[in-house]
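Overview (structure and organization)
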Amino acid sequence: MRVSVVTLFPEMFTALTDSGITRRAVERHLLSLALVNPRDYAGNKHGSVDDKPYGGGPGMVMSVAPLRSALQVARLAVEGSGKAQEKKPKVVYLTPQGQPLKQPLVESLAKEESLVLLCGRYEGIDERVVESDVDLEVSLGDYVISGGELAAMVLLDAIIRLQPGALGDENSAGQDSFSGRGWLDYPHFTRPETIDGQDVPAVLLSGDHAAIASWRLEQALKKTLLKRPDLLEPQVLKNSGVELSKQEIEIVARLQADLND
Ligand code: 9WO
């Protein structure tokens, strides 16, 4: 996959390229990352990329011209060599005004052959760029941070770990919360068996794989019911196309009865 990021702070992306799974994926060319700085395309002599907001008010707004030039370079950078029936890269703007990021949107973006991520700073970007140059606005949640970069890195990390071969174990991406059935994760334990008077649940030492699978499902449903009951609302399940299995229905009914005790 080929990704370009338009950002005034390209050095921030070393957080992705210098460590861990994301570093390995870039080294193995599972993902190419081009960083394009609008500062380099500020046509005026002072190299300014922002200006005062029309209508007044605090702060500054990122200007159209340097952003358009940077976006053009960013699109070219993710163009393949084939050029034939190539899809145009989606331009994604990270903003609190965007569509909330959920695992299904990550999965769909991870399938694109190329993407351009646009990071805003200051009070935001000139709305004409949003109108004419942006295909999709994405939000991580209802809070404001100093710029789109950290949000773009979160989105990129989520995308990278879904690239084939990015995780050592081909299966692990399908095992965690949200990739599978959408329940929260079950609890994990490792050695030693006992520490500070705390024991590993006996079932995990039993070697009974069916019993372990049932226990994990029950723990996942229990945690979901306690911490994120919204994920088990009938309307939410229906919207995400999830149907509870017989075993899940029985476990949820029992847990709900337990909660009422
Ligand atoms: C800052 C500000 C200051 C005074 C008055 C109004 C203001 N609005 C903003 C603002 O929204 N700044 C944004 C900073 C502009 C776009 C990039 N920035 C950003 C992206 N902050 N938070 C995000 C973000 C992105 C994705 N998911 C969650 C948050």
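Since the model is a prediction, treat every value here as computed from it, not as a measurement. (Residues numbered from 1 in each chain as written. Predicted model: local features only at pLDDT ≥ 70, side-chain atom pairs only at ≥ 80, totals over all residues. Heavy atoms only, no water.)

**Focus on the pattern of salt bridges**
- Per the counting criterion, the structure on display carries 11 salt bridges.
- Linking R68 and D133 is a salt bridge whose minimum nitrogen-to-oxygen distance equals 2.7 Å. Residue R68 is located in helix α3 (residues 64-77), and its partner D133 is located in helix α5 (residues 127-133); the two are separated by 65 residues in the primary sequence.
- Residue R68 is classed as partly exposed on the basis of its relative accessible area, which comes to 33%. (Salt bridge = Lys/Arg side-chain N within 4 Å of Asp/Glu carboxyl O. Helix = DSSP H or I, 4+ residues; strand = E, 2+ residues; numbered from the N terminus. Buried < 20%, exposed > 50% of the residue type's maximum accessible area, 1.4 Å probe, protein only.)

**Focus: the sheet that holds strand β1 (residues 2-6)**
- Spatial ordering of the open sheet is given by β2-β1-β6-β5-β7, a layout of 5 strands whose pairing is parallel. The sheet is open, and its two edges are formed by β2 (32-36) and β7 (136-139), each paired on a single side. Neighbour-to-neighbour, the strand axes of this sheet turn through a mean angle of 30°, independent of strand direction.
- For β1 and strand β6 (residues 114-119), the ladder comprises 5 bridges, and the chain directions are parallel. Bridging across to β6, R2 finds its partner in S114.
- The strands touched by α3 are β1, β2, β5 (90-100) and β6; relative to β1, the strand with the most contacts, the crossing angle is about 165°. (Pairing = 2+ DSSP bridges. Axes fitted to C-alpha atoms, helices over the stretch in contact; angles between N-to-C directions. Contact = heavy atoms within 4.5 Å.)

**Considering the site of the ligand**
- In the vicinity of the ligand lie 18 residues, with Y93, Y122, E123, L140 and I145 positioned nearest.
- One of the backbone N or O atoms of Y122 is found 3.3 Å from a nitrogen atom in the ligand.
- One nitrogen or oxygen atom from the main chain of L140 is found 2.7 Å from a nitrogen atom belonging to the ligand.
- Elements with a contribution of two residues or more to the shell around the ligand: β5 and β7.
- Here the shell around the ligand gets 4 residues from one element, more than from any other, and that element is β5. (Near = heavy atom within 4 Å. Polar contact = N/O pair within 3.5 Å; in protein donor to acceptor, adjacent residues only side chain to side chain.)

**Thoughts on the pairing of β5**
- Relative to β6, β5 runs parallel, the two being bridged by 5 bridges. When the sheet's bridge partners are listed, L94 is paired in β6 with C119.
- Since β5 and β6 lie parallel, the crossover through helix α4 (residues 103-110) that links them has a hand, and here it is right-handed. (Right-handed = clockwise from strand over helix to strand, strands pointing away.)

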